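Tertiary structure, described
One letter stands for each residue in the lines below.
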Amino acid sequence: MSAQCHITRRRIGTRLATALAVGMVFGLPALCPTAAAAQDPNAAAARLAELGVKVRNEPVTAETLGEVQSLSFGSAIAPQITDADIGLFQFLPRLGYVALDNTRGLTPEGLAQLADVPELWKLSLRDSEMTDAHMAVVAGLSRVRGLDLTMNAGVTDAAMPGLAAMPALTQLTLDATGITDAGMAALEGNRTLQILYFARTGVTDAAFVALGTIRTLQTLGFNDTPVNGSGFEHLGGLTGLQEMGMMNTAVDNVAVWYLTKVPSLKRLFLWDTKIGDDALASIGQLPALEVVYLDRTAITDAGLASLSGLPALRTLWLNGTAVSDAGMTHLTGLQLSSIQIGQTQVGDAGLLVLAAIPTLTSISASRSLVTAEGVAAAMEVPGRNEALRISN
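Residues numbered from 1 in each chain as written. Predicted model: local features only at pLDDT ≥ 70, side-chain atom pairs only at ≥ 80, totals over all residues. Heavy atoms only, no water.

What follows concerns the overall build of the chain. Looking only at helices and strands, the chain features 15 helices and 16 strands. Structurally, the chain occupies a C-alpha span of about 80 × 50 × 30 Å along its principal axes. Of all 392 residues assigned to the chain, the portion counted as buried reaches 50%. Of the contacts formed within the chain by residues at least 6 apart in sequence, a portion of 55% connects residues at least 24 apart. Roughly 16000 Å² of accessible area belongs to the chain as shown, and the carbon and sulfur atoms make up 52% of that amount. Seen as two clouds, the 25 positive and the 35 negative side-chain charges of the chain have centres 7 Å apart. (Helix = DSSP H or I, 4+ residues; strand = E, 2+ residues; numbered from the N terminus. Buried < 20%, exposed > 50% of the residue type's maximum accessible area, 1.4 Å probe, protein only. Contact = heavy atoms within 4.5 Å. Areas by Shrake-Rupley, 256 points an atom, 1.4 Å probe, with all protein chains shown as cover. Lys, Arg positive; Asp, Glu negative; His and termini not counted. Charge placed at Lys NZ, Arg CZ, Asp CG, Glu CD.)

We now examine the packing of aromatic side chains. Within the structure shown, the criterion is met by 10 aromatic pairs. With a centroid separation of 4.7 Å and 80° between ring planes, the pair formed by Phe269 and Tyr293 is classed as edge-to-face. Taken together, the positions of Phe269 in strand 11 (residues 267–269) and Tyr293 in strand 12 (residues 291–293) put the pair 24 residues apart, joining distant regions of the chain. Across this residue pair, the class does not change: Phe269 and Tyr293 are buried. Judged by centre distance (3.8 Å) and plane angle (5°), the ring pair of Tyr293 and Trp317 falls under stacked. Here Tyr293, found in strand 12, pairs with Trp317, found in strand 13 (residues 315–317); they are 24 residues apart in sequence, far enough to count as distant. With respect to burial, Tyr293 and Trp317 carry one shared label: buried. By the ring-pair criterion, three or more aromatic residues cluster together here, those being Phe198, Phe208, Phe222 and Phe232. Just above the ring of Tyr97 sits the side chain of Lys122; from NZ or CZ to the centre is 5.3 Å. (Phe/Tyr/Trp six-rings, centres within 6.5 Å; stacked < 30°, edge-to-face > 60°. Lys NZ or Arg CZ within 6 Å of the ring centre and 35° of its normal.)

Moving on to the side chain of Ser264. Here Ser264 lies in the loop between helix 10 (253–258) and strand 11. Assessed through its relative accessible area of 16%, Ser264 is described here as buried. Within the local environment of Ser264, its side chain forms a polar contact with the backbone oxygen of Thr239, the two atoms lying 3.2 Å apart. (Polar contact = N/O pair within 3.5 Å; in protein donor to acceptor, adjacent residues only side chain to side chain.)

Turning next to unusual backbone geometry. Residues other than glycine seldom take positive phi values, yet Arg56 does so here, at roughly 50°. Among the structural elements, Arg56 can be located in the loop between strand 1 (54–55) and strand 2 (58–59). Classification of Arg56 by relative accessible area gives exposed; the value is 61%. The phi dihedral of Asn102 falls on the positive side, at around 65°, and the residue is not glycine. Its place among the elements puts Asn102 in the loop between strand 4 (97–99) and helix 5 (108–112).

For Gln340, the position within the fold is in strand 14 (residues 338–340). One polar contact links Gln340 to Asn319, side chain to side chain, over a distance of 2.8 Å. When near neighbours in sequence (up to four residues on either side) are disregarded, Gln340 contacts Leu316, Trp317, Leu318, Asn319 and Ser364.

Another point: the pattern of salt bridges. In the structure shown here, the tally under the stated rule is eight salt bridges. As a salt-bridge pair, Arg56 and Glu67 come within 2.3 Å of each other at their nearest N and O atoms. Taken together, the residues span a long stretch of sequence, with Arg56 in the loop between strand 1 and strand 2 and Glu67 in the loop between strand 2 and strand 3 (70–71) at a distance of 11 residues. Residue classification places Glu67 among the partly exposed positions, given a relative accessible area of 33%. The network of salt bridges with shared partners includes Arg47, Glu50 and Asp85. (Salt bridge = Lys/Arg side-chain N within 4 Å of Asp/Glu carboxyl O.)

Let us now look at the nonpolar core. Formed by 112 residues in total, the largest nonpolar core has its most connected members in Phe89, Leu196, Leu220, Phe232, Met244, Ile283 and Leu294. Dropping the residues within four chain positions of it, Leu294 is found in contact with Leu270, Trp271, Ile275, Leu280, Ile283, Ile299, Leu307, Leu316, Trp317, Leu318 and Thr321. Counting five residues, the second-largest nonpolar core is a separate cluster that includes Trp271, Val291, Tyr293 and Trp317. (Core = buried A, V, L, I, M, F, W, Y, C linked by side-chain atoms within 4.5 Å.)

This next bit is on the environment of Glu386. Here Glu386 shows up in the loop between helix 15 (372–378) and strand 16 (389–391). Between the alpha carbons of Glu386 and Leu360 there is a distance of 9.3 Å; along the sequence they are 26 residues apart.

The next subject is helix 3 (residues 41–50). Among all positions in helix 3, only Ala44, Ala45 and Leu48 are buried. Buried residues of helix 3, seen end-on, are gathered within an arc of 95° and therefore sit on one face of the element. Exposed side of helix 3, more than 90 degrees from the buried face: Asn42 and Glu50 are the residues found there. Near the N-terminus of helix 3, the side chain that reaches the backbone nitrogen of Asn42, with its oxygen 3.0 Å away, is that of Asp40. Positive phi shows up at Gly52, right after helix 3, with a value of about 90°. (Arc of directions from axis to C-beta.)

Time to look at the environment of Val323. Checked against the element boundaries, Val323 lands in the loop between strand 13 and helix 13 (325–328). We classify Val323 as buried; its relative accessible area is 0%. On a C-alpha basis, the gap between Val323 and Ala372 in space is 20 Å, while along the polypeptide they are 49 residues apart.

Put into structure tokens, the structure is as follows:
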């Protein structure tokens with residue numbers, strides 16, 4: 001190994017340098033400084049300006065390199081980004097957020113140069129042809145707190161032990177990657193993760209055994225997965241869990257009953273699931289709940305009565321359900337600020353009931369039975385919120 005590579009080892013840390021020098025399990029070649037890394041600030045600024053980097057709406061210059069705190073590139077520019085360009089990021093001492101979304105052809109060696117960005121805390125690599133070999137490098141970026149790997153099918157379970165070991169990682173997005181239950185098992189006992197998304201993956205309820213051991217979790221998102229909610233029984237110990245997103249899953253009434261053991265929940269996104277009125281009875285036992293999306297589920301007017309005792313509920317979506325004017329009477333005691341009743345059987349009578357809720361500032365009634373005359377009448381309801389807006 002050259003002297004230059006020894007210097008690189010000291011700068012980027014033992015784990016990352018060793019991964020690149022000896023190849024680990026992916027056979028990566030040794031890392032040496034790129035030509036871009038040896039350029040002067042003027043050359044760096046000129047190239048970054050070509051890539052559209054601006055400071056105060058003006059192309060970046062050598063004098064303003066130190067003011068750049070975030071980098072993202074449009075869809076036309078991103079495919080032009082090269083390994084050499086990443087080497088230029090070392091000239092941006094305040095750079096904290098880097099989005100390399102939609103890039104093509106970046107190598108693990110190129111990504112390794114991100115270790116020369118001392119303030120890097122958030123990295124987005126959406127749809128950028130990432131693989132497990134790239135992740136072996138990313139796992140060595142010890143200060144990164146947020147990592148988005150959406151739409152990288154080449155990131156598989158083999159990458160998960162390294163990602164799980166990132167010491168500062170609090171937010172991880174694995175949507176549309178190749179991760180399965182086996183990879184999620186690597187997260188067992190993780191002590192830093194707060195936000196985890198794995199939509200459009202093959203992950204099932206089996207993964208919730210491991211997820212239930214991550215005591216720091218605050219948000220879980222798993223839209224469009226095979227999850228049916230049977231694994232929710234393992235979430236009872238997550239006292240800080242506040243949000244769950246599960247759109248277009250087979251989550252049912254029994255699954256939602258398990259969530260009564262998680263009273264910290266504030267936001268539930270249950271649209272396009274298999275729930276009905278029995279689930280609303282369980283949801284009504286979540287005292288901290290602020291936001292509920294129930295669009296296109298099997299709930300009815302009778303089920304809405306279960307929500308009447310939720311003191312913190314502010315946002316309620318009921319689009320595409322069978323609720324009608326009768327159901328709106330169950331909501332009058334709530335301190336709602338926003339409600340959506342599009343594509344429901346709610347008409348002008350129900351709208352009058354909603355308009356009388358003094359805290360309500362937004363009603364969306366698109367494609368419901370509400371008429372223009374009904375909207376006009378609702379705006380004349382005594383005691384309505386002066387800021388109320390009704391869209392129809």
